[in-house]
Structures are given as structure tokens and as C-alpha cells.
Amino acid sequence: MDEWKKSVLNVFFKDRKDMGRFTSQDICDNVRDMVSLTPDEVTEYLMQRGYVLQRQDDRLVWTQL
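Numbering of residues starts from 1 in each chain and follows the order in which that chain's sequence is written. With the structure being a predicted model, the display of local features is reserved for residues of pLDDT at least 70 and the display and counting of side-chain atom pairs for 80 or more, all residues being used for whole-chain, interface and lining totals. With hydrogens and water set aside, each side-chain value is computed from the structure's full complement of heavy atoms.

Participant: Residue-level account of the nonpolar core, with values.
Facilitator: Judged by nonpolar contacts, the single largest core of 16 residues is most densely connected at Phe13, Ile27, Leu37 and Leu46. Helix and strand definitions follow DSSP, with helices as H or I runs of at least four residues and strands as E runs of at least two, each counted in order from the N terminus. Listing elements by their share of this core, those giving two or more residues are helix 1 (3-13), helix 2 (24-31) and helix 3 (39-48). Per element, the largest residue contribution to this core is 4 residues, and it comes from helix 1. Any two residues whose heavy atoms approach within 4.5 Å at even a single point are treated as in contact. Once residues within four sequence positions are removed from consideration, Ile27 is found in contact with Leu9, Phe12, Phe13, Phe22, Val42, Leu46 and Trp62. We define a nonpolar core as any set of buried Ala, Val, Leu, Ile, Met, Phe, Trp, Tyr and Cys residues linked to one another through side-chain atoms lying within 4.5 Å. Only protein chains enter the accessibility calculation, which uses a 1.4 Å probe. A residue is then buried if its area is under 20% of the maximum for its type, exposed if over 50%, and partly exposed in between.

Participant: Describe the packing of helix 2 against helix 3, listing the residues and the values that go with them.
Facilitator: Axis definition: a line fitted to C-alpha atoms, over the contacting stretch in the case of helices. Angles run 0 to 180 degrees between N-to-C directions. The interhelical angle for the contact between helix 2 and helix 3, taken along N-to-C directions, is 105 degrees, at an axis separation of 8 Å. Taken together, the axes of helix 2 and helix 3 are roughly perpendicular relative to one another. Listed contacts from helix 3 to Ser24, Gln25, Ile27 and Cys28 of helix 2 are Pro39, Val42, Thr43 and Leu46. Of the residues assigned to the contact of helix 2 with helix 3, the class counts are 5 nonpolar, 3 polar and no charged. Throughout this description, any angle smaller than 35 degrees is read as roughly parallel, any larger than 145 degrees as roughly antiparallel, any in the 65 to 115 degree range as roughly perpendicular, and the remainder as oblique. Asp, Glu, Lys and Arg are counted as charged, while Ala, Val, Leu, Ile, Met, Phe, Trp, Tyr, Cys and Pro are counted as nonpolar; the rest, among them Gly, fall into the polar class.

Participant: So what's going on with the packing of aromatic side chains? Which residues, and what values?
Facilitator: The description of two aromatic rings rests on the distance between their centres and on the angle between their planes. The criterion for an aromatic pair is that two Phe, Tyr or Trp rings (for Trp, the six-membered ring) have centres within 6.5 Å, with stacked assigned to planes under 30 degrees apart, edge-to-face to planes over 60 apart and tilted to the rest. The full count for this structure, using the stated rule, is 4 aromatic pairs. Their ring planes at 65 degrees and their centres at 5.7 Å tell us that Phe12 and Phe22 sit as a pair that is edge-to-face. Of this pair, Phe12 sits in helix 1 while Phe22 sits in the loop between helix 1 and helix 2, placing them 10 residues apart in sequence. In this structure an aromatic cluster arises from ring pairing among Phe12, Phe13, Phe22, Tyr45 and Tyr51. Counted as over-ring charges are cases with an Arg CZ or a Lys NZ within 6 Å of the ring centre that also lie within 35 degrees of the ring normal. The ring of Phe12 has Arg16 sitting right over it, with the charged end atom 4.3 Å from the ring centre.

Participant: Got a sec to walk through unusual backbone geometry? Specific residues and values, please.
Facilitator: One non-glycine residue, Asp15, lies in positive phi territory at about 55 degrees. In this fold, Asp15 is placed in the loop between helix 1 and helix 2. Although it is not a glycine, Asp57 sits at a positive phi angle of roughly 50 degrees.

Structure representation (C-alpha cells):
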């Protein structure tokens, strides 16, 4: 993934208090005005940073341990 894509995601996740409600696609949709990302890119980014998937309301969402 390009560094500028990582930079956008870094800002998106900085000090977030509402994790546990976003899927990879939700995150792509939230930043699409700034950068085009695939769910695979978001998933890889989050897994490398220790985020984990959690089942919530029949969806897999990202959360921090």
C-alpha cells in the first residue's frame, strides 16, 4: 500500500472512540472522498496494527484489543 494511503488511514483511526462498528467496506466508503481503497487494503492495514474482527449484529467489524 502506498504511504499516502497509509497516511489517510492513520488520520482516520487516530484517537477513534467508536471502533467496533466499521467493516472494511465502511472504512473504504468513509475515506473515498480522499483516497480509493479496497477492503483488502484496509483489512491488511488493520491486521498489521493489531486490530481484530468481532461479530456484531451479523457483521464482522474491526475493534482494538
